[in-house]
Amino acid sequence: MSENVDRSEPEAGALPASAAVTPADAADAARLVAFGLQPKLLPARDQEYADLLRRYREDPAFARLADAVATGLGLVVLEVSPRAGMAVTAAEDSVFAVRMGDYARRTAADSGDRFLHGLAHLAVAAMAFPRPEDLADDGYIGRVTVNGIDAFVRQACRRLEERAAEQGENTDPATDVPGLEAAWRIWVRRSATGATKDARRLAGSTTGIVGKAVAFLTDSGFLQRTGDDNGGTYRTTARYQLQVRDMAGSAAMAELLDLGVVPVTDGTPTLLPAEDTDDLELVADAGLPFHSA
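To start, this report covers the structure provided alongside it. (Residues numbered from 1 in each chain as written. Predicted model: local features only at pLDDT ≥ 70, side-chain atom pairs only at ≥ 80, totals over all residues. Heavy atoms only, no water.)

### Let's talk about helix α10 (residues 238-247)
Argument step 1. Burial of α10 is extensive: 8 of the 10 residues sit out of reach of the surface.
Argument step 2. Residues of α10 that are buried include every one of A238, R239, Y240, Q241, L242, Q243, V244 and M247, and no others. (Buried < 20%, exposed > 50% of the residue type's maximum accessible area, 1.4 Å probe, protein only. Helix = DSSP H or I, 4+ residues; strand = E, 2+ residues; numbered from the N terminus.)

This is the structure in structure tokens:
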């Protein structure tokens, strides 16, 4: 009596027996994702990280496993390379997502300041990579300064005010309307530095807000501090370039760039007269690298 043989086709995506995932494989994949969640750690400085990164690039099955671990944690893999390591960003529903409301509470900002913090992050991204080719060039390094970012936003605010006046729009300050058109009305009324007895900038001043933004980005491995001139000088990292690429198509980024940002290399703000463009809607609390709500 012959045995019954199952000749049905294997399920789509099933791994052959010889390629079965072992607990050790799963642990290694999770370890690689854990390395990716340490934004300041570079593969060149950790041999285990470098070895796992090499395995990811050379072993497709391991790469799929690591991607699956990241997906299960609500993470999006932006790039896996020697320059950036395993660069991941949090999806909106991930426990790792940072929301603008949470960030504002960390900085002791009230709800009315959320747009200003979002605008500061947006301005850092726009100044760091002002042209599409800058984002496309893996070797490009952007440079920004705290004072330069504040000056750039103030120039952008003047341009927005001029545009509103030309179109006959209300230019009275308003704090409860989302968008760049509302944000400039708040920014221009805020002191650039404020005043303290020991000459430190106030946290609620615009340079104080920018300072919080670049400090957060530095702690997150997106920027590196290079000096103290002009309120603090910073250079971009590969991870930040990937992050900005991921959000470059947002309406907020497009609206700010449409004001006419020109190439910069030393953190100096410059604007060119912008051509007339259709207005773009800006979602509330838009700002890198946050999710709204």
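### Regarding the environment of T237
Argument step 1. Relative to the helices and strands, T237 resides in the loop between β5 (233-236) and α10.
Argument step 2. Using a relative accessible area of 14% as the deciding quantity, one classes T237 as buried.
Argument step 3. Apart from residues no more than four positions distant in its own chain, T237 is found in contact with G221, F222, L223 and Q224.
Argument step 4. Polar contacts involving the side chain of T237 include one to the main-chain carbonyl oxygen of G221, which spans 2.8 Å. (Contact = heavy atoms within 4.5 Å. Polar contact = N/O pair within 3.5 Å; in protein donor to acceptor, adjacent residues only side chain to side chain.)

### Looking at the pairing of strand β4 (residues 223-227)
Argument step 1. As defined by bridge partners, β4 adjoins β5 across 4 bridges and the pair is classed as antiparallel. Opposite G227, over in β5, you have T233 as the bridge partner. (Pairing = 2+ DSSP bridges.)

### Focus: the sheet that holds β5
Argument step 1. One open sheet holds the 3 strands; their spatial order is β3-β5-β4, and the pairing between them is antiparallel. A single partner strand is all that each edge strand has here, and the edge strands are β3 (143-145) and β4. The average undirected angle you get between the axes of adjacent strands in this sheet is 35 degrees.
Argument step 2. Two strands pair when backbone bridges link them, and β3 and β5 are joined in this way by 3 bridges, in the antiparallel orientation. Note that in β5 the partner of T145 across the bridge is T233.
Argument step 3. Lying on the sheet, helix α9 (residues 206-219) is in contact with β4 and β5; it crosses β4 at an angle near 115 degrees. (Axes fitted to C-alpha atoms, helices over the stretch in contact; angles between N-to-C directions.)

### Points about unusual backbone geometry
Argument step 1. In this structure, N230 takes a positive phi of about 55 degrees despite not being glycine.
Argument step 2. Along the chain, the position of N230 falls in the loop between β4 and β5.
Argument step 3. Judged by its relative accessible area of 47%, N230 is partly exposed.

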